[in-house]
Amino acid sequence: MTPLDVARAAGAAVLGIALAAGAAWAAPRSGIDYAGADVRAIQSDDAQNPGMLWVDRGRALWSDGPRPCASCHGDAASSMKGVAARHPAWSTAARRVVDLEDRINACRVERQQLPAFARESEDLNALTAFVATQSRGMPVAVDVTGLAQPAFERARDFYVARRGQMNLACASCHVDNAGKRLLAETISEGHGNGYPAYRLEWQAVGSLQRRLRACLFGIRASLPPEGADVLTELELYLAWRASGLTVEAPGVRR
Amino acid sequence: MAFARIQLPPSVKRGDAVEVRISIRHPMETGFRVDDDGRTIARNTLKSLTCRYGDREVLRASLGSGIAANPYLRFHITAVASGDLVFEWVDDAGEHGDARAALVVAG
């Protein structure tokens with residue numbers, strides 16, 4: 001190796017680092033931009049988007065029962081606007097980070113005096129999809145400071161820690177290899193702004209936590225139960241990563 | 001608990017071709033799948049779907065196991081007079097469902 005080669009190699013390495021850093025700080029790209037034209041067509045047309053069936057059901061639940069959501073919150077179009085964009089958020093009542101599903105269930109138990117919906121139940125997903133739809137087009141903007149900060153930092157560490165039999169971290173695919181192919185699929189950046197989303201694989205609307213568990217299953221890691229703090233905090237970290245992307249609920253994904 | 005969404009143009013003129021779109025919440029179970037215990041999950045598809053417009057039946061379909069869950073159908077009718085489009089369906093489990101939407105025909 002001549003001195004010139006060494007200098008070139010060093011220059012290439014510096015350039016490589018600069019490019020990698022540039023890539024890491026590039027504006028986030030929504031999962032829908034990684035999807036095929038067929039999936040994009042379904043999401044962009046409410047008449048075709050099967051997720052709207054859940055939204056309709058959620059709208060019915062909104063005014064259902066002796067003490068419906070609407071009796072306090074009125075018209076969801078104004079009262080729920082922006083709510084999905086700022087969740088997950090720290091709850092002073094629960095003293096933990098809560099996601100939109102938790103928030104709806106808390107209201108249900110404390111204000112409506114009804115039993116909480118089971119996680120991943122059709123009713124909870126429908127009501128969450130309905131509430132989330134009111135924030136459509138608004139940029140995701142969660143608060144990760146103050147009391148939420150320790151949770152945020154735990155989730156950030158979780159995101160980069162390798163786990164499972166495949167020994168993969170979230171970042172191994174969604175940061176290092178976003179845009180590349182995994183068999184027939186294009187790996188996305190793993191943003192949650194489309195959730196609750198209709199996944200063609202599920203043939204149903206599911207929560208972001210269901211998607212996270214599916215990812216953990218895929219890398220053969222242990223599965224935290226639905227609603228576990230580790231998943232809710234990870235949702236918070238993902239929302240922070242997706243800052244500026246707009247809420248797409250109900251999104252359509254493969 | 002099957003329910004549906006129907007999409008029609010807000011207003012049409014007599015004689016126009018009208019695009020009718022409907023999506024129906026239904027599992028469309030194929031009958032080819034097995035549950036965690038290895039038992040076959042019974043087939044449950046929409047064996048009959050009809051659409052009436054006024055006195056006339058304008059669509060009759062039998063959706064088999066090749067159609068995915070939550071089927072979405074799109075077809076055209078000729079606008080004759082204002083009236084309801086009435087969809088009715090029956091699945092293999094014998095459950096009936098229906099949905100309707102008003103078509104407003106101007107002129």
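Residues numbered from 1 in each chain as written. Chains lettered and ligands numbered in written order. Predicted model: local features only at pLDDT ≥ 70, side-chain atom pairs only at ≥ 80, totals over all residues. Heavy atoms only, no water.

1. What about the pattern of salt bridges?
Phase 1 of the analysis: Tallying each qualifying case throughout the model produces 25 salt bridges over all chains.
Phase 2 of the analysis: In this structure, the salt-bridge partner of aspartate 99 of chain A is arginine 119 of chain A, at a minimum N-O distance of 2.8 Å. Of this pair, aspartate 99 of chain A sits in the loop between β2 (96-98) and α6 (100-110) while arginine 119 of chain A is found in the loop between α6 and α7 (122-133), placing the two residues 20 residues apart along the sequence. You'll find aspartate 99 of chain A and arginine 119 of chain A in the same group, each marked buried.
Phase 3 of the analysis: In this structure, glutamate 122 of chain A and arginine 25 of chain B form a salt bridge, with 3.0 Å as the shortest nitrogen-oxygen distance. Taken together, the positions of glutamate 122 of chain A in helix α7 and arginine 25 of chain B in the loop between β3 (17-24) and β4 (46-53) put the pair across two chains.
Phase 4 of the analysis: Its relative accessible area of 11% is what places arginine 25 of chain B among the buried residues.
Phase 5 of the analysis: Three or more residues are tied together by salt bridges with common partners; here these are Arg96, Asp99, Asp102, Arg119 and Asp229 of chain A. (Salt bridge = Lys/Arg side-chain N within 4 Å of Asp/Glu carboxyl O. Helix = DSSP H or I, 4+ residues; strand = E, 2+ residues; numbered from the N terminus. Buried < 20%, exposed > 50% of the residue type's maximum accessible area, 1.4 Å probe, protein only.)

2. Looking at α7 of chain A
Residues and elements named next belong to chain A.
Phase 1 of the analysis: An ideal rise of 1.5 Å per residue puts 16 Å on twelve residues; α7 measures up with 16 Å between its terminal C-alpha atoms.
Phase 2 of the analysis: Among the twelve residues in α7, ten count as buried, and that is most of the element.
Phase 3 of the analysis: Three or more residues of α7 are buried, namely Leu124, Asn125, Ala126, Leu127, Thr128, Ala129, Phe130, Val131, Ala132 and Thr133.
Phase 4 of the analysis: Elements in contact with the buried residues of α7: α3 (51-62), α4 (69-73), α5 (76-79), α6 and β6 (204-206). (Expected span 1.5 Å × (residues − 1). Contact = heavy atoms within 4.5 Å.)

3. Quick look at the confidence of the model for chain A
Low-pLDDT portions of the prediction should not be read for the details of their coordinates.
Phase 1 of the analysis: Of all residues in chain A, 90% attain a pLDDT of 70 or more, and the chain-wide mean is 91.
Phase 2 of the analysis: Confidence drops under pLDDT 50 across residues 4-24 of chain A; counting only partners more than four residues distant or on other chains, this segment forms two contacts. (pLDDT = per-residue confidence, 0-100.)

4. Some words on the pairing of β4 of chain B
Within a regular strand, the side chains alternate between the two sheet faces.
Residues and elements named next belong to chain B.
Phase 1 of the analysis: Pairing between β4 and strand β7 (residues 83-91): seven bridges, direction antiparallel. Counted as the bridge partner of arginine 52 is valine 86 from β7.
Phase 2 of the analysis: Counting the residues between successive antiparallel strands, the hairpin from β4 to strand β5 (residues 56-61) contains two residues, one of them, glycine 54, with a positive phi of roughly 65°. (Pairing = 2+ DSSP bridges.)

5. Thoughts on the state of the cysteines
Phase 1 of the analysis: Under the counting rule described, the total for this entry stands at zero disulfides over all chains.
Phase 2 of the analysis: For cysteine 72 of chain A, which is in no disulfide, the shortest distance to another cysteine sulfur is to cysteine 107 of chain A and amounts to 6.9 Å. (Disulfide = S-S within 2.5 Å.)

6. Some words on the sheet that holds strand β1 (residues 4-7) of chain B
Phase 1 of the analysis: Pairing is antiparallel across the open sheet formed by three strands, whose spatial order is β1-β3-β6 (chain B). Whereas interior strands pair on both sides, the edge strands pair on one side only; in this sheet they are β1 and β6 (72-78) of chain B. Across this sheet, the average inter-strand angle for adjacent strands is 20°, counted without regard to direction.
Phase 2 of the analysis: For β1 of chain B and β3 of chain B, the ladder comprises four bridges, and the chain directions are antiparallel. Across the sheet, the residue bridging to glutamine 7 of chain B is arginine 21 of chain B, located in β3 of chain B.
Phase 3 of the analysis: Those strands touched by α3 of chain A are β1 and β3 of chain B, and its axis lies near 110° from that of β1 of chain B. (Axes fitted to C-alpha atoms, helices over the stretch in contact; angles between N-to-C directions.)

7. Re the interface of chain A and chain B
Phase 1 of the analysis: Contact residues are listed per partner, giving 13 residues for chain A and 14 residues for chain B.
Phase 2 of the analysis: Between chain A and chain B, a total of about 1,200 Å² is buried, with carbon and sulfur atoms accounting for 53% of that surface.
Phase 3 of the analysis: Looking at the side of chain A facing chain B, the largest losses of area belong to Ala47, Leu53 and Gln203 of chain A, adding up to 47% of the total buried there.
Phase 4 of the analysis: Here chain A and chain B share three salt bridges between them. (Buried area = accessible area lost by both parts, 1.4 Å probe.)

8. Looking at empty space enclosed by the protein
Phase 1 of the analysis: In the structure shown here, the tally under the stated rule is two cavities of 30 Å³ or more.
Phase 2 of the analysis: The computed volume of the largest cavity comes to approximately 280 Å³.
Phase 3 of the analysis: Along its surface, the largest cavity is lined by 21 residues, and Ala84, His87, Gly192, Tyr195 and Leu208 of chain A are the ones closest to its centre.
Phase 4 of the analysis: Listing elements by their share of the lining of the largest cavity, those giving two or more residues are α6, α7 and α11 (229-241) of chain A.
Phase 5 of the analysis: Residue contributions to the lining of the largest cavity peak at three residues, all from α11 of chain A.
Phase 6 of the analysis: The residue makeup of the lining of the largest cavity, split by class, is 13 nonpolar, five polar and three charged.
Phase 7 of the analysis: There is about 30 Å³ of room inside the second largest cavity.
Phase 8 of the analysis: As for the second largest cavity, its lining consists of Ala47 of chain A together with Arg5, Ile6, Gln7, Arg21, Ile22 and Ser23 of chain B. (1 Å grid on protein atoms, 1.4 Å probe; cavity = no way out; pocket = protein on both sides within 12 Å on 5 of 7 lines; lining within 4 Å. Points joined across faces, edges and corners; volume = space filled by probe spheres on them. Nonpolar A, V, L, I, M, F, W, Y, C, P; charged D, E, K, R; others polar.)

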